[in-house]
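Spelled out, the chains give:
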Amino acid sequence: MRIVPTRLYGAVVHSSVFLGASTIAEVFVASALAGIGPNVALAVGFLITVGIYNFDKLADLDADEENYAERTAFVAAHPRLYAGFSTLAVVGALWLAVRHGGVYGLGLTLFPGVVAVFYSAPVVPLPSVDRLKDIFLVNTASVSLAWAVLVGFAPLAVAATAPEYAAGAAVAAVWFFLRSAISVEVHNVRDVAGDAQNGVETLPTVIGVRRTQLSLYALELVSVGLVWVAARAGVVPAWAPFALLPAVAYSTWITYALTETDRSIERLCTLRDAEGVLMAVGVAVVAAAVGTGGTLA
């Protein structure tokens, strides 16, 4: 028996609302690491995530049919509604970014979209490739960088331009770059058959699923080490490594479960996207316990 009804699951996941909610949680965590209180960057992150991912799904309907049959059917059934909803989300994100962050906020909000164009469209000015998606490891790095820059620096852009917050924001950006890289490769394990058929080189198609898992375990350790060192240096709150450990453990279990259980990989990927929520809960609980309210002050 499904815990969540199929139609509700499809509406929330395939409309990218679930990913948008996860971005809200990630921006909250980035704000806490930088010592900045929650601000309008939460809404900017949600709206631009919904808009960009939905337009990407619309653009790749034919190519995604092999990997995402259920999602493709959902999007193809409501193309105009889907496009209208996505346009409103992008316009709303840009309006908020400009109003609260000026040119800097606008640039940050547009950054994932610009990267998405070079990632998906044949506009890369290189003789041997057309898209960033076709370049091994660059495809993963591109996606990770696009969202890490937005999540890490958006709170700084719209609420706290003082230099003392910049170092924490930079740590948050690197942290989310590593977390995004792990997430992308987990999704690539799900897509390994379709990517191999389409000639897209990813970690699982090149080195195999088992070696990909080992690589992701190493990235988990690197990301924890990053926050631990930053906390010891006083760049992020001292409680940050403890607050984020449950999310790292959860992510490691997802990677392990890709081959060690009979669970649906599609569902595991959806669960992987919820890591940001677990991070936010950890930060809120631990920060409250030590009485900082989620900031350095």
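In every chain, residue numbers begin from 1 and rise along the written sequence. The predicted origin of the model limits local features to residues at a pLDDT of at least 70 and limits the giving and counting of side-chain atom pairs to 80 or more, whereas totals for whole chains, interfaces and linings rest on all residues. Side-chain calculation: all heavy atoms of the structure are included, whereas hydrogens and water are not.

A. Local environment of the overall build of the protein. Under the scheme used here, helices are H or I runs from DSSP no shorter than 4 residues and strands are E runs no shorter than 2 residues, and both carry numbers assigned from the N terminus. Across its full length, the protein carries 13 helices and zero strands. Reading the helices (α) and strands (β) of the protein from amino to carboxyl end gives α-α-α-α-α-α-α-α-α-α-α-α-α. Only protein chains enter the area calculation, which uses a 1.4 Å probe; residues under 20% of their type maximum are buried, those over 50% are exposed, and those in between are partly exposed. Each of the 297 residues in the protein was classed as buried or not, and the buried ones make up 48%. For the protein, contacts bridging at least 24 residues in sequence account for 73% of all contacts bridging at least 6. Reported accessibility uses the Shrake-Rupley method at a 1.4 Å probe radius. Residues are deemed covered only where the shown protein chains occlude them. As displayed, the protein offers around 13700 Å² of accessible surface, 68% of which is attributable to carbon and sulfur atoms. Pairs of residues are marked as contacts when any of their non-hydrogen atoms sit within 4.5 Å.

B. Examining the side chain of His187 more closely. Residue position: His187 is located in helix H7 (residues 166–190). By relative accessible area, His187 is classed as buried at 14%. With residues near it in sequence (within four places) discarded, His187 still touches Cys269 and Asp273.

C. Spatial organisation of a nonpolar patch on the surface. Only residues whose relative accessible area exceeds 30% and that take part in no salt bridge are eligible for patches, with like-charged residues grouped when within 9 Å of each other and nonpolar side chains (Val, Leu, Ile, Met, Phe, Trp, Tyr) grouped when within 5 Å. In the sections that follow, a salt bridge refers to a side-chain nitrogen of Lys or Arg positioned within 4 Å of a carboxyl oxygen of Asp or Glu. A cluster of nonpolar side chains, contributed by Leu110, Val114, Val117, Phe118 and Val123, occupies part of the molecular surface with about 380 Å² of accessible area. Checked against the element boundaries, Phe118 lands in helix H5 (residues 79–120).

D. Summary view of the packing of aromatic side chains. The rule is short: rings of Phe, Tyr and Trp, with Trp giving its six-membered ring, pair when the centres are within 6.5 Å, and they are stacked under 30 degrees, edge-to-face over 60, tilted in between. Tallying each qualifying case throughout the model produces one aromatic pair. Here the aromatic rings of Tyr53 and Trp147 are separated by 5.3 Å at their centres, their planes lie at 15°, and the arrangement is stacked. In this pair, Tyr53 sits in helix H3 (residues 41–59) while Trp147 sits in helix H6 (residues 138–159), placing the two residues 94 residues apart along the sequence. Only lysine NZ and arginine CZ atoms are considered, and such an atom sits over a ring when it is within 6 Å of the ring centre and within 35 degrees of the ring normal. The residue whose ring lies beneath Arg179 is Trp175, and the NZ or CZ to ring-centre distance is 5.0 Å.

E. The arrangement of the environment of Val277 in detail. Considering the arrangement of structural elements, one finds Val277 in helix H13 (residues 275–290). Classification of Val277 as partly exposed rests on a relative accessible area of 40%. Counting along the chain gives 256 residues from Val277 to Ala21, while the straight-line C-alpha distance between them is 8.0 Å.

F. Here's a closer look at the packing of H7 against helix H12 (residues 265–272). For helices, the fitted axis covers only the stretch in contact; all axes are lines through C-alpha atoms, and the angles between them, taken along N-to-C directions, range from 0 to 180 degrees. At a minimum axis separation of 9 Å, H7 and H12 run at an interaxial angle of 170°. One way to sum up the angle between H7 and H12 is to call them roughly antiparallel. Along the contact surface, H7 presents Arg179, Ile182, Ser183, Val186, His187 and Arg190, while H12 presents Ile265, Glu266, Cys269 and Arg272. Each residue belonging to the contact of H7 with H12 can be placed in one class, and the counts come to four nonpolar, two polar and four charged. Any angle from 65 to 115 degrees is called roughly perpendicular, while one under 35 is roughly parallel, one over 145 is roughly antiparallel, and all others are oblique. Gly falls in the polar group here, along with every residue not listed as nonpolar (Ala, Val, Leu, Ile, Met, Phe, Trp, Tyr, Cys, Pro) or charged (Asp, Glu, Lys, Arg).

G. Quick look at the pattern of salt bridges. Going through the model one piece at a time under the given rule, you end up with five salt bridges. Of the charged contacts in the structure, one is a salt bridge between Arg179 and Glu275, with a shortest N-O distance of 2.5 Å. Residue Arg179 is located in helix H7, and its partner Glu275 is located in helix H13; the two are separated by 96 residues in the primary sequence. Residue Arg179 shares its accessibility class with Glu275, and that shared class is buried.

H. Spotlight on the UniProt feature "transmembrane region" (unreviewed entry) in the protein. The UniProt feature table records "transmembrane region" (unreviewed entry) at residues 12–34, 40–59, 80–98, 104–124, 136–159, 237–256 and 277–296. End C-alpha atoms of residues 80–98 are separated by 27 Å, and the span's content is 100% helix alongside 0% strand. With 85% helix and 0% strand, residues 237–256 has end C-alpha atoms that lie 30 Å from one another. UniProt positions are given in the numbering used here, feature names are shortened, and annotations may be inferred rather than shown by experiment.

I. Representation of the environment of Leu47 in the model. Residue placement: Leu47 occurs in helix H3. Linking Leu47 and Gly92, residues 45 residues apart in sequence, is a C-alpha distance of 6.8 Å. Those residues in contact with Leu47, other than ones at most four positions away along the chain, are Ala89, Val90, Gly92, Ala93 and Leu96.

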